[in-house]
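If you want the building blocks of each chain, they are given just below.
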Amino acid sequence: MDDQMRKLIAIALIVLAAGAAASYAMLRQFSAPGPLAETRDVVVPRGSLQAVADALKRESIISFPLLLRAAALATWTEGSLRAGELSFPKAASLETVLAVLRFGRPVQHRLTVPEGLTAAQIARIFAAERLLEGDLSLPPEGGVLPDTYSFERDTPANLLVARARAAMARALAAAWAARAPGLVLRSPREALILASIVEREARLPEERPMIARVFLNRLAAGMRLQADPTASYTASGGLGTLDRPLGRDDLDHPDPYNTYVVDGLPAGPICSPGAASIQAVLHPSSGPALYFVTDGTGGHVFSTSLTEHVSNVSRMRAHGRP
């Protein structure tokens, strides 16, 4: 006697109380296509077997709650039934439903953290995700690795943030261990800080290593970085973006994050940089460039002297570019 026959006999003994005709109809349903019209994700409640069966009947996953209860009891050695959000395939038979309840992986949702966002902006993304639960603590600036993260319904928000923070710690440690020789940066944190500036300055991915080189050259020469995004970070109160152009007062405002008034790196990161910006800082382009200005089309024009830089700025403005 095979396992399938043993299951059917066990189920038959349990459902006989329902009457012979009903029992026969129920047994035919064990491997027959179920009523579900389309694949659906359903939250299976915690609680009694009856509560699970009733919930699946309401969702049109099964037709006979009694048969599910009988089948689950008859096959109890195959494992307990799980609660949570599970995906049931179209026309799932009762046999398939039980397999999903026992072995199905909970439905995975996704949350994406784009590159270059501040901690406050990232916190809003997590807070807006209704499938996460619990209070959310503001992550440290630059502490979250931009990426797409999978999670299950009702995952604590802080737990997912902790995963994103751990991902940044791993990525930064690995990149620092494989860094190019001779950099003026003294620690992974300094690399993170500079990468956050590069992330906010770069518009074209291929320019990240060159922008990194400019800032590294300025650090080596003892020049102030004079990076506009650091002034924007200060002026925006840590939000990182302004709804107006930077003014002279913004550039002159004394703040440990404003690289127009402080020497060297700012006090900390100004956003969460992506892996590409971290790599650019730790594997920069070569060359003596000390300045760059936007070319008005998304890229930048680089120069090695102040005279050349001033000329580039004038030329850009003459063409109506900032």
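Residues numbered from 1 in each chain as written. Predicted model: local features only at pLDDT ≥ 70, side-chain atom pairs only at ≥ 80, totals over all residues. Heavy atoms only, no water.

### With respect to the overall build of the protein
Applied cut-off: A run of DSSP states H or I qualifies as a helix once it reaches four residues; a run of E qualifies as a strand once it reaches two. Both are numbered from the N-terminal end. Here the term buried applies to any residue with accessible area under 20% of the maximum for its type, exposed to any over 50%, and partly exposed to those in between, with areas from a 1.4 Å probe on protein chains only. All accessibility values rest on the Shrake-Rupley procedure with a 1.4 Å probe; residue burial counts only the protein chains present in the view.
If you tally the helices and strands in the protein, you get 13 helices and six strands. The proportion of buried residues among the 322 residues of the protein is 44%. Per element, the accessible surface of the protein, about 16200 Å² overall, is 53% carbon and sulfur.

### Brief notes about the nonpolar core
Keep this limit in mind: The set of buried Ala, Val, Leu, Ile, Met, Phe, Trp, Tyr and Cys residues whose side-chain atoms join them within 4.5 Å is what this entry labels a nonpolar core. Only heavy atoms enter the contact rule, under which two residues are in contact if any of them lie within 4.5 Å.
The biggest cluster of nonpolar side chains holds 46 residues, and the ones touching the most others in it are Phe126, Leu185, Leu194, Phe215, Val281 and Leu282. Where this core is concerned, the elements lending two or more residues are α6 (119–128), β4 (148–151), α7 (157–177), α8 (188–201), α9 (208–221) and α12 (275–282). At nine residues, the largest contribution of residues to this core is made by α7. Every residue in contact with Phe215, bar those within four places of it in the chain, is listed here: Leu194, Ile197, Val198, Glu201, Leu225, Ala227 and Phe292. Phe30, Ala53, Ala72 and Val97 belong to the second-largest nonpolar core, a separate cluster that totals 21 residues.

### Some thoughts on helix α5 (residues 94–103)
The set of residues buried in α5 consists of Leu94, Val97, Leu98, Val100, Leu101 and Arg102. Next to the buried residues of α5 lie β1 (40–44), α3 (49–58), α4 (65–74) and β2 (84–88).

### Focus on the packing of α4 against α5
Quick note on the threshold: Axes, fitted as lines to C-alpha atoms, cover a helix only where it is in contact. Angles between the N-to-C directions of the axes lie from 0 to 180 degrees. Any angle between 65 and 115 degrees counts as roughly perpendicular, while under 35 counts as roughly parallel, over 145 as roughly antiparallel, and the rest as oblique. A clockwise turn of the near helix away from the far one marks a right-handed crossing, whereas an anticlockwise turn of less than a right angle marks a left-handed crossing. Under this grouping Gly is polar, as are all residues other than the nonpolar Ala, Val, Leu, Ile, Met, Phe, Trp, Tyr, Cys and Pro and the charged Asp, Glu, Lys and Arg.
One way to put it is that α4 packs onto α5 with a least axis distance of 11 Å and a crossing angle of 60°. In terms of axis orientation, α4 runs oblique to α5. Between α4 and α5 lies a crossing whose hand is right-handed. For the pair α4 and α5, the contacting residues are Leu67, Leu68, Ala71 and Ala72 in the first and Leu94, Val97, Leu98, Leu101 and Arg102 in the second. Here the residues of the contact of α4 with α5 sort into eight nonpolar, no polar and one charged.

### Points about the pattern of salt bridges
Rule in force here: Salt bridge, as used here: a side-chain nitrogen of Lys or Arg that lies within 4 Å of a carboxyl oxygen of Asp or Glu.
Evaluated as defined, the whole model comprises eight salt bridges. Note that Arg102 and Glu78 form a salt bridge whose closest N and O atoms lie 3.8 Å from each other. You can see Arg102 sitting in helix α5 and its partner Glu78 sitting in the loop between α4 and β2, a full 24 residues away along the chain. Classification of Arg102 by relative accessible area gives buried; the value is 4%. With a shortest N-O distance of 3.6 Å, Glu199 and Arg208 are connected by a salt bridge. You'll find Glu199 and Arg208 in the same group, each marked buried.

### Comments concerning α7
To be explicit about the condition: For a helix, the expected span equals 1.5 Å multiplied by the number of residues minus one. Directions pointing from the helix axis toward each C-beta atom define the arc.
Here α7 is 21 residues long and its end C-alpha atoms lie 31 Å apart, about the 30 Å a rise of 1.5 Å per residue gives. Within the sequence span of α7, burial applies to Ala157, Leu160, Val161, Ala164, Ala167, Met168, Leu172, Ala175 and Trp176. Buried residues of α7 fall within an arc of 155° about the axis and therefore sit on the same side. Residues Arg170 and Ala177 are exposed on α7 and point more than 90 degrees away from its buried face.

### Re the side chain of Arg200
Stated precisely, the cut-off is as follows: The sign given to each residue is positive for Lys and Arg and negative for Asp and Glu; His and the chain ends receive no count.
The residue Arg200 is located in helix α8 in this model. Despite being buried, Arg200 has no salt bridge partner; Glu199 is the closest side chain of opposite charge, sitting 7.6 Å away. When sequence neighbours within four positions are dropped, the list of residues in contact with Arg200 reads Gly116, Thr118, Pro229, Gly240, Thr241, Ile270 and Cys271.

### Topic: unusual backbone geometry
Of note in this structure, Ala91 is not a glycine but carries a positive phi near 55°. Among the structural elements, Ala91 can be located in the loop between β2 and α5. The class for Ala91 is partly exposed, based on a relative accessible area of 29%. Even without a glycine there, the phi angle at Asp154 is positive, about 70°. Looking at the element boundaries, Asp154 is found in the loop between β4 and α7. Given the relative accessible area of 43%, Asp154 is considered partly exposed.

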